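# Observations on chain architecture
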Amino acid sequence: MDESILSLSGVSKRFGGLRAVNDVSFELPHGQIMGLMGPNGAGKTTLVNIICGFYKPDGGRIRFLGKDITGSPSHKVCRLGIARTYQIPQPFAELTALHNIAVAAMYAKGISKAAGESLAPDVLRVTDLLDMKDVLAKDMSIIRLKRLELARALATEPALLLVDEVAAGLDESELPRMHEILKSIREMGITILLIEHVMKVMREAVDTILVMNEGATIAFGTPDEVMNDFKVIECYLGECP
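The structure contained in this document is the topic of the report that follows. (Residues numbered from 1 in each chain as written. Predicted model: local features only at pLDDT ≥ 70, side-chain atom pairs only at ≥ 80, totals over all residues. Heavy atoms only, no water.)

Grouped together as the largest cluster of nonpolar side chains are 49 residues, with contacts concentrated most on Ile-101, Leu-161 and Leu-194. If one sorts the elements of this core by residue count, helix α5 (residues 142-154) sits on top with 7 residues. Contacts of Leu-194, omitting those with residues within four sequence positions, involve Ile-33, Met-34, Gly-35, Leu-36, Val-163, Val-166, Leu-182, Val-201, Met-202 and Val-206. Judged by nonpolar contacts, the second largest core, of 27 residues, contains Val-21, Leu-28, Ala-42 and Ile-50. (Core = buried A, V, L, I, M, F, W, Y, C linked by side-chain atoms within 4.5 Å. Buried < 20%, exposed > 50% of the residue type's maximum accessible area, 1.4 Å probe, protein only. Helix = DSSP H or I, 4+ residues; strand = E, 2+ residues; numbered from the N terminus. Contact = heavy atoms within 4.5 Å.)

Structure (structure tokens):
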């Protein structure tokens, strides 16, 4: 098996005159959690959208599990084994937690309603939502909606999970449990690419961090290496070149 589950080489994307992603390359090894950070507008979510197939890159190549998926549509990317969450949860508000998960599994995996419902309890258990299985999404708190967003992605049984700011909006007391959930997902054999601004999560949850600014990579390394990188410090002080 290739050591890297995901490989990007020279990936770029423009919107008119704006270079949103500029020649980004990295290798994400199987089983790791890699953080993706940078100021607002750095290109993080655009990069995730390219990996997922929502946007086609203007240049560069993307390989997943050794296969070139550059420009593949999002539904095909999902069925190959890449799932993602959204910073703002997007559940079916009038469905229960269990049925939100079942629908995700049904459409991603092409299984029956009964099969989708049968796998839902295991996913709910991982995300600490089993006691909420019959609660409508519209009646859930933000922390539970964040977990439901993770659960819906896990229902597709991905090899790679792209997580967009799962800790945003959570208070300090809620962070350790979210960290434990991410650790449990990793122990299931799922590799994670985590967009996050919460430094506590980055320091404690990830193996490596890639930092972007103005579409380009400005730093890559372990959390300690990145947090002490002069370019990163400048960036977060608002003095990026």
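The next thing to look at is unusual backbone geometry. With the exception of glycine, most residues fall at negative phi, and the peptide bonds are largely trans. Even without a glycine there, the phi angle at Leu-65 is positive, about 50°. Here Leu-65 is to be found in the loop between β4 (59-64) and β5 (67-68). Residue classification places Leu-65 among the partly exposed positions, given a relative accessible area of 44%.

Turning next to the side chain of Ser-4. Mapping Ser-4 onto the fold places it in strand β1 (residues 4-15). Looking at Ser-4, its side chain comes within polar contact range of the side chain of Glu-27, at 2.9 Å. Every residue in contact with Ser-4, bar those within four places of it in the chain, is listed here: Glu-27, Leu-28, Pro-29 and His-30. (Polar contact = N/O pair within 3.5 Å; in protein donor to acceptor, adjacent residues only side chain to side chain.)

Before going further, it helps to spend a moment on the sheet that holds β1. What the 4 strands build is an open sheet, ordered β2-β1-β4-β5; its pairing is antiparallel. Every interior strand has two partners, whereas the edge strands, β2 (18-29) and β5, have only one. Of the pairings in the sheet, the one linking β4 to β5 comprises 2 bridges and is antiparallel in character. Its bridge partner being in β5, Arg-63 is matched across the sheet by Asp-68. Running at roughly 115° to β1, helix α1 (residues 44-52) makes contact with β1, β2 and β4 of the sheet. (Pairing = 2+ DSSP bridges. Axes fitted to C-alpha atoms, helices over the stretch in contact; angles between N-to-C directions.)

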